[in-house]
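Structural description and commentary
Single-letter residue listing:
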Amino acid sequence: MDWLATTREAFALLFSGDADLWQVILISLRVSLLAMLIATPPAIAFGYLLATASFPGRRLIVVTTQGLLASPTVVVGLILYLLLSRQGIFGSLKLLFTQEAMIIGQVLIALPVLVAFTISAVQGADPRARETAVSLGASRMRSTWTTLLEVRFGVMAAVFNAFGRIVSEVGCSLMVGGNIAGVTRNIPTAIALETSKGEFAQGIALGFVLLLVALGVNFALAFAQGEGGMK
Amino acid sequence: MSGPILVVEGIHKSYGTRRILDVPVLTLAAGESYVLTGENGSGKSTLLRVLAGLEHAEVVACRYDGRPVDLGNYPDWLRRDLIYVHQHPYLFRGSIFDNICYGLRARGLIKASYEPLVREAIAWAGVGALLDVPPHKLSGGEKQRVALARARVLQPRIFLLDEPTANLDAEARQQAIKLISDLCDANRTVVLACHDREIIELPRMNRLNMGRGAIETWNGGAVCV
């Protein structure tokens, strides 16, 4: 295989506005961004609760969440497949091989990342931040919001890490999405398919986009952190 | 002496067998100033934090302005009358102006109504020149002045100040003492945990000496329970 020619072909595909290629990219971003929109608010709230509250079973939940960080995405996909398949509990919803199923899968993959990183960020907060807010008359909701703002770089790291994990996962998307062209084919599943067919140019082009997304997310975090990052 | 504004009976706190607080009764009069003295670990800061609702202790009874209060379930209305300032004040990210108006915003005031109050507090604390400086770049004394302005702008009836002059250089200490003296003269109830002789000797300052969690002497005399 001529790597140089293949790479040149990949960039030509990318910058010529190849409709199929850009559809794959848009599906990927749409599914992952929607999954993040759904997962982020409850995960941050739950992470804050686990970091600050004391209740029976809290430790078990924290350890389980941390354990789920390493859960293989293909296993999440398998479980979801069984639940959504015709014989599954949610089979009547007819969600299998739809973008909705991929979104559900990515939400499940993102949740432990968001919760675990939020716990870590909030536990690392200066306790005087919440105490000061409370002492100045802030309500519980406002003092919570203030504390989260004080540790926003940690929370942003949670969001970017979760996005990085779901936008590049292949196992779950393949299992519950089915890799249907124009419907559920996203960047990782398309790379797997094109490579298996020997179509390396499209695989490289999509890989390049995925790499750009991952790098962009990291640069965004570093810039947002200011002195702690790029400055 | 004015009538009592806060009366707390039977304050007890311990870690295992170690007694942290054991105060049979604490009565604070409206408009009076109190300084808690005593060695490190005598319970001064813990007492302030319990009164501020930031730390839990067993309390037999508490009355604020004649109204029963459960310090374990600290009411929001009491927070509006009683402000605690840390030894090393925490300033939120954002501007100094945002920090000073934080409590006013939390009370739902709109900018038009709180801005004059904040400007007045900034002038009072002499922090006008610091408004463009990021909070994390302020010195300890400057942070203390911003924190005092942030507390005063809310016009609470009781100030609880934890070691406000500790670790400050001579100039910053004098500036802080001047502000504290102002608060004491403004007919507010001020309670300080402090070792600073100049604060202890401020006019009308009541001295409560603490040891091993208990108030041992009151203005040099024995405590009457």
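The following refers to the structure shown. (Residues numbered from 1 in each chain as written. Chains lettered and ligands numbered in written order. Predicted model: local features only at pLDDT ≥ 70, side-chain atom pairs only at ≥ 80, totals over all residues. Heavy atoms only, no water.)

Contacts between the two partners involve 19 residues from chain A, matched on the other side by 23 residues from chain B. Between chain A and chain B, the buried area comes to about 1800 Å², and carbon and sulfur atoms account for 52% of it. The largest per-residue losses of area from chain A upon contact with chain B belong to S135(A), L136(A) and E150(A), which jointly make up 35% of the total buried on that side. Joining chain A to chain B, the criterion identifies one salt bridge. Put simply, R49(B) and E131(A) hold a salt bridge, and the shortest N to O gap is 2.6 Å. Taken together, the links from chain A to chain B amount to eight residue pairs in polar contact (both at pLDDT 80 or more). Put simply, the parts of the chain that give the side of chain A that touches chain B at least two residues each are α6 (127–135), α7 (140–150) and α8 (152–167) of chain A. Here the side of chain A that touches chain B gets seven residues from one element, more than from any other, and that element is α6(A). Across the side of chain A that touches chain B, the residue classes break down as seven nonpolar, five polar and seven charged. (Contact = heavy atoms within 4.5 Å. Buried area = accessible area lost by both parts, 1.4 Å probe. Salt bridge = Lys/Arg side-chain N within 4 Å of Asp/Glu carboxyl O. Polar contact = N/O pair within 3.5 Å; in protein donor to acceptor, adjacent residues only side chain to side chain. Helix = DSSP H or I, 4+ residues; strand = E, 2+ residues; numbered from the N terminus. Nonpolar A, V, L, I, M, F, W, Y, C, P; charged D, E, K, R; others polar.)

In this section: the sheet that holds strand β4 (residues 58–64) of chain B. All names here are of chain B. The strand order across the open sheet built from four strands is β2-β1-β4-β5, with neighbouring strands paired in antiparallel fashion. A strand with exactly one partner marks an edge of an open sheet, and here the two such strands are β2 (18–29) and β5 (67–68). The pairing of strand β1 (residues 4–15) with β4 spans six bridges and is antiparallel. Looking at the pairing, L6 lines up with Y64 of β4. On the sheet, helix α1 (residues 44–51) packs against β1 and β2 and is oriented at approximately 60 degrees with respect to β2. (Pairing = 2+ DSSP bridges. Axes fitted to C-alpha atoms, helices over the stretch in contact; angles between N-to-C directions.)

So, on to the side chain of T73(A). Structurally, T73(A) can be placed in helix α4 (residues 73–84). When sequence neighbours within four positions are dropped, the list of residues in contact with T73(A) reads I109(A), R165(A), E169(A), G171(A) and C172(A).

Evaluated as defined, the whole model comprises six aromatic pairs over all chains. Their ring planes at 70 degrees and their centres at 5.8 Å tell us that Y90(B) and F92(B) sit as a pair that is edge-to-face. Look at F92(B) and Y102(B): their rings are 4.6 Å apart centre to centre, the planes differ by 35 degrees, and that puts the pair in the tilted class. Of this pair, F92(B) sits in the loop between β6 (82–85) and α3 (96–100) while Y102(B) is found in helix α4 (residues 102–106), placing the two residues 10 residues apart along the sequence. When the ring centre of Y102(B) is taken as reference, the NZ or CZ atom of R142(A) above it lies at 5.7 Å. Residue placement shows R67(B) over the ring face of W77(B); its charged tip is 3.8 Å from the ring centre. (Phe/Tyr/Trp six-rings, centres within 6.5 Å; stacked < 30°, edge-to-face > 60°. Lys NZ or Arg CZ within 6 Å of the ring centre and 35° of its normal.)

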